[in-house]
Amino acid sequence: MRRFVPHPLLTLGLLAMWLLLNDSLDIAHVVLGLLMGVAFGLVYDRLEPSQQGLRRGFFVPAARLGLVVAIDIVRSNLAVFRIVLGLSRPGRVAGFMAIPLELRDARGLAVLAAIVTATPGTAWAHHEAASNVLTLHVLDLRDPEVAVREFKQRYERLLLEIFE
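It should be emphasised that the depicted structure is a prediction, and the values quoted were computed from it without experimental measurement.

Which parts of the structure should I look at to understand the overall build of the protein chain?
Counting secondary structure elements, the protein chain contains five helices and three strands. Order of helices (α) and strands (β) in the protein chain, N terminus to C terminus: α-α-α-β-α-β-β-α. Its C-alpha atoms give the protein chain a radius of gyration of 20 Å, clearly above 15 Å, the size a compact globule of 164 residues would have. Counting contacts in the protein chain only where the partners sit at least 6 residues apart, residues at least 24 apart contribute 74% of the total. For the protein chain, the centre of its 17 positive side-chain charges and the centre of its 15 negative side-chain charges are spaced 4 Å apart.

Shown next as structure tokens:
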């Protein structure tokens, strides 16, 4: 059975998402959702995801990371709101910052990309795999050195505790 449905939870999750998006329990939607779930599970299996599990005791750092990200998303939304309304400080400068990363786990980098994407005012510009340097665009870049230190402390440290 694992040969045909290598990732049953992914298949069921995709089926549930399909049914929610289509707002119907029609048999045709159920069959189509199952077929798509199995097909995407097989494709995902071919990508050969890392077989390494999460570190022991990952729950506490993951909970802390979730809280930090939630707070940062709210703060960033308010900051971007002030910028859009013209209430921000004069002399605001947007720019790029290069962040040398210690994190190399593909799953950790994917979570980091999701965090950057979810935080208004930041954009993942480039990741150089050879040197492991991440380039971010920041809407309000005050002090790049402080921003890099803060980024590594707030996100990378916790991701290293979870994945490496």
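Picking up after the structure, the text goes on.
Hey, could you run me through the packing of helix H3 (residues 59-85) against helix H5 (residues 144-163) in this one?
When two helices pack together, you describe them by how their axes are tilted relative to each other and by the distance separating the axes. At their nearest, the axes of H3 and H5 sit 9 Å apart, and the two run at 155° to each other. Classified by the angle their axes make, H3 and H5 are roughly antiparallel. Two packed elements cross with a definite hand, and for H3 against H5 that hand is left-handed. For the pair H3 and H5, contact is made by Pro61, Ala62, Arg64, Leu65, Val68, Val69, Asp72 and Arg75 and by Arg154, Tyr155, Arg157, Leu158, Leu159, Glu161 and Ile162, respectively. The class makeup of the residues in the contact of H3 with H5 is nine nonpolar, no polar and six charged.

Looking at this model, I keep getting lost on the packing of helix H4 (residues 106-118) against H5. Mind explaining?
Running from N to C, H4 and H5 cross one another at 145°; their axes reach a closest spacing of 10 Å. Taken as a pair, H4 and H5 cross one another with a handedness that is right-handed. In contact with Arg107, Gly108, Val111, Leu112, Ile115 and Val116 of H4, H5 contributes Phe151, Tyr155, Leu159 and Phe163. Looking at the contact of H4 with H5, its residues break down into eight nonpolar, one polar and one charged.

How should I be thinking about unusual backbone geometry in this particular structure?
The phi angle of most residues is negative, glycine excepted, and most peptide bonds adopt the trans form. Its identity as a non-glycine residue notwithstanding, Asn132 has a phi of 55°, on the positive side. Looking at where Asn132 falls in the secondary structure, it is placed in the loop between strand E2 (122-128) and strand E3 (133-138). By relative accessible area, which is 1% here, Asn132 ends up buried.

What exactly am I supposed to notice about the packing of aromatic side chains here?
One pair of aromatic rings is described through two measures. These are the centre distance and the angle between the planes. Evaluation of the coordinates by the stated rule reveals one aromatic pair. Aromatic side chains Phe151 and Tyr155 sit 5.2 Å apart centroid to centroid with 75° between the ring planes, which places their arrangement in the edge-to-face category. With Phe151 and Tyr155 both in helix H5 and four residues apart, the pair spans about one turn of that helix.

Just checking my understanding: could you explain the environment of Arg142 for this structure?
Tracing the backbone through its elements, the reader meets Arg142 in the loop between E3 and H5. Put simply, Arg142 and Ala129 are 13 residues apart on the chain and 27 Å apart in space, counted from C-alpha to C-alpha. A polar contact is formed between the side chain of Arg142 and the side chain of Asp140, at a distance of 3.2 Å.

For this particular structure, what's the right way to read the nonpolar core?
Taken as a class, soluble globular proteins show a tendency for nonpolar side chains to be buried jointly. If you look at the biggest cluster of nonpolar residues, it comprises 23 residues, and the most contacted ones within it are Leu65, Met97, Ile99, Leu136, Phe151 and Tyr155. Of all the secondary structure elements, the ones that give two or more residues to this core are H3, strand E1 (95-100), H4, E3 and H5. In terms of residues, this core owes the most to one element, H5, which gives eight residues. Aside from chain neighbours lying at most four places away, what touches Phe151 is Met97, Ile99, Leu112, Val116, Leu134, Leu136 and Glu156.

Help me understand the pattern of salt bridges in this model?
Two side chains bearing opposite charge may form a pair once their charged atoms approach each other closely. Taken as a whole, this structure holds seven salt bridges when the rule is applied. Between Lys152 and Glu156 there is a salt bridge, with its nearest N and O atoms 2.5 Å apart. Placement of both Lys152 and Glu156 in helix H5 is noted, with a separation of four residues, approximately one turn of the helix. An identical accessibility class is assigned to Lys152 and Glu156; each is buried. Among the ionic pairs, Glu161 bridges to Arg157, the shortest N-O distance being 3.1 Å. One end of the pair, Glu161, and the other, Arg157, are both in helix H5, four residues apart, so they sit about a helical turn from each other. Overall, the relative accessible area of 27% leaves Glu161 in the partly exposed class. The class for Arg157 is partly exposed, based on a relative accessible area of 31%. Connected via shared salt-bridge partners are Arg64, Arg157 and Glu161.

Criteria and thresholds
- Residues numbered from 1 in each chain as written.
- Predicted model: local features only at pLDDT ≥ 70, side-chain atom pairs only at ≥ 80, totals over all residues.
- Heavy atoms only, no water.
- Helix = DSSP H or I, 4+ residues; strand = E, 2+ residues; numbered from the N terminus.
- Rg over C-alpha atoms; globule rule 2.2 N^0.38 Å.
- Contact = heavy atoms within 4.5 Å.
- Lys, Arg positive; Asp, Glu negative; His and termini not counted.
- Charge placed at Lys NZ, Arg CZ, Asp CG, Glu CD.
- Axes fitted to C-alpha atoms, helices over the stretch in contact; angles between N-to-C directions.
- Parallel < 35°, antiparallel > 145°, perpendicular 65-115°, else oblique.
- Left-handed = near helix turned anticlockwise from the far one by under 90°.
- Nonpolar A, V, L, I, M, F, W, Y, C, P; charged D, E, K, R; others polar.
- Buried < 20%, exposed > 50% of the residue type's maximum accessible area, 1.4 Å probe, protein only.
- Phe/Tyr/Trp six-rings, centres within 6.5 Å; stacked < 30°, edge-to-face > 60°.
- Polar contact = N/O pair within 3.5 Å; in protein donor to acceptor, adjacent residues only side chain to side chain.
- Core = buried A, V, L, I, M, F, W, Y, C linked by side-chain atoms within 4.5 Å.
- Salt bridge = Lys/Arg side-chain N within 4 Å of Asp/Glu carboxyl O.

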